[in-house]
Amino acid sequence: MLGLYVHVPFCSAICNYCNFNRGLFDADLKARYVDALISEITQAGGAGRAGGAGDAADTIFFGGGTPSLLEPDEIARIIEACESSFDLAVDREVTLEANPESVTGARLAAYRRAGVNRISFGVQSFREDELRRLSRLHSADRARAAFQEARAAGFDNVSLDLMMWLPQQRIEQWLESIDAAIALGPEHLSLYMLEVYPNAPLKDDMARAKWSQAPDDDVAAMYLGAMTRLDEAGYGQYEISNVAKQGRRSRHNLKYWTDGEWLGFGCGAHSTRAGVRWKNISSTEDYIDVAGRGSLLSCDIRRLTADEQLGDALFTGLRLVDGIDANAIQTRYGVDVWGRFGPDLEPFLEAGCLRRDGSRLSLTRQGMLLAHEVMSVFV
Ligand code: SF4
């Protein structure tokens, strides 16, 4: 089944490390953007741009930016557009990314009534000093309160995003945030590593304030320490950066890692279907303009070669704790994984980075620290 991704490119302030496709919130721009989104979704489902009306989908993911800056009735209209354009599964997963400062109990309850059944909060840290260094608008207490408000609004599927390798963060501080998250008991956690981009204002902030990031060995200890605590707290790791309680894996994100298909709506959104990958126009204004005229929004359409499809399936599949099934790859792509990549994989197997179990090949937890090196064998 398809996953539907809806991009919302608005934020109340721009964080100093952010490299996403987003801009400052503007109420008028947002209203026109929502109309454009609905127009794109309706065209994709109805006009068959992406395969015809009534295609089956079972997830909707509102990502950003800050999707919780959209009003609940705007979210409801977008979900209705998905419902009328696609054959949405009854047990669909509908996720809304939310920033803790942008929600209230009443707002969360209204999102729930609109059809959202999963909330993903961008918490990043439970330490005030770390949140300030990242120029985030919320406090740790606001994040805790937002979580409780989500529970009170009826959300039984809540995910928290946390970031490691923050400026001045050392192992103990990172594990403090992990413990604080465990204490709340969300169903799902995503742990990301901060990347400081060359042109990020954070880079200048760090130079000015003489903030440093922990050495590599400490980063490995942060990752392994967090995963151990999460194991003990009853979370099952299922992907390099993601853990979940039983039955609470992100169904939408799993499509990206299991060779699935998805349609992305909104400026800069990516889609992958039937071996074709495309990306929408990145600029919000241009997107609204083109969607309003009913023109083609995709600016970068590419049919993947058989080798690229295979490389992607292996590369993304290896992110999963379950790894890849060589038999399934053989059936789908007609390629013998061991025959083609065996000699290059052997050193990683010997070093304990990879595990071979019957037809399955997966990264060990140690191997996850070297995932990029292992995956480079495939691309
Ligand atoms: S809230 Fe998220 S998308 Fe918005 S500026 Fe901050 S990091 Fe970027």
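Fair warning: this is a prediction, and the values are worked out from it, not measured in the lab.

What about the site of the ligand?
Line of reasoning, step 1. Taken together, Cys11, Ala13, Ile14, Cys15, Tyr17, Cys18, Phe20, Gly65, Thr66, Asn99 and Arg136 are the residues near the ligand.
Line of reasoning, step 2. A per-class count over the shell around the ligand returns seven nonpolar, three polar and one charged.

Some words on the sheet that holds strand β16 (residues 354-357)
Line of reasoning, step 1. Taken in spatial order, the three strands make up an open sheet running β15-β17-β16, and their pairing is antiparallel. The open sheet terminates on both sides in strands that have one partner only, identified here as β15 (324-325) and β16.
Line of reasoning, step 2. Bridge analysis of β16 against strand β17 (residues 360-363) gives four bridges, and the strand direction is antiparallel. Paired with Arg355 across the two strands is Ser362, which belongs to β17.

Some points on the confidence of the model for the protein
Line of reasoning, step 1. Averaged over every residue, the pLDDT of the protein is 94; residues scoring 70 or more account for 98%.
Line of reasoning, step 2. Across residues 47-52 the pLDDT falls below 50, and counting only partners more than four positions away or on other chains, this stretch makes 18 contacts in the model.

Overview of the pairing of strand β5 (residues 87-98)
The two faces of a sheet get side chains in turn, since along a regular strand they alternate between them.
Line of reasoning, step 1. With six bridges connecting them, strand β4 (residues 56-64) and β5 associate as parallel partners. Each bridged residue has a counterpart across the sheet, and for Phe61 the counterpart in β5 is Thr95.
Line of reasoning, step 2. Relative to strand β6 (residues 118-124), β5 runs parallel, the two being bridged by four bridges. Bridge pairing in β6 links Ala98 to Phe121.

Digging into the nonpolar core
Line of reasoning, step 1. The biggest cluster of nonpolar side chains holds 103 residues, and the ones touching the most others in it are Phe121, Phe126 and Leu160.
Line of reasoning, step 2. Among the elements that make up this core, the one with the highest residue count is helix α1 (residues 27-46) (eight residues).
Line of reasoning, step 3. Core analysis: the next-biggest nonpolar cluster, separate from the first, contains nine residues, Cys18, Met163, Leu194 and Met206 among them.

Some points on unusual backbone geometry
Line of reasoning, step 1. Looking along the chain, the bond that leaves Gly64 and enters Gly65 is cis, with omega of 15°.
Line of reasoning, step 2. Structurally, the position occupied by Gly65 is in the loop between β4 and α2 (72-85).
Line of reasoning, step 3. Backbone geometry at Gln124 places phi at a positive 70°, although glycine is not the residue there.
Line of reasoning, step 4. Mapped onto the elements, Gln124 comes out in strand β6.
Line of reasoning, step 5. Although it is not a glycine, Ser135 sits at a positive phi angle of roughly 60°.
Line of reasoning, step 6. By secondary structure assignment, the location of Ser135 is in the loop between α4 (128-133) and α5 (140-152).

Rules behind the numbers
Residues numbered from 1 in each chain as written. Predicted model: local features only at pLDDT ≥ 70, side-chain atom pairs only at ≥ 80, totals over all residues. Heavy atoms only, no water. Near = heavy atom within 4 Å. Nonpolar A, V, L, I, M, F, W, Y, C, P; charged D, E, K, R; others polar. Pairing = 2+ DSSP bridges. Helix = DSSP H or I, 4+ residues; strand = E, 2+ residues; numbered from the N terminus. pLDDT = per-residue confidence, 0-100. Contact = heavy atoms within 4.5 Å. Core = buried A, V, L, I, M, F, W, Y, C linked by side-chain atoms within 4.5 Å. Buried < 20%, exposed > 50% of the residue type's maximum accessible area, 1.4 Å probe, protein only.

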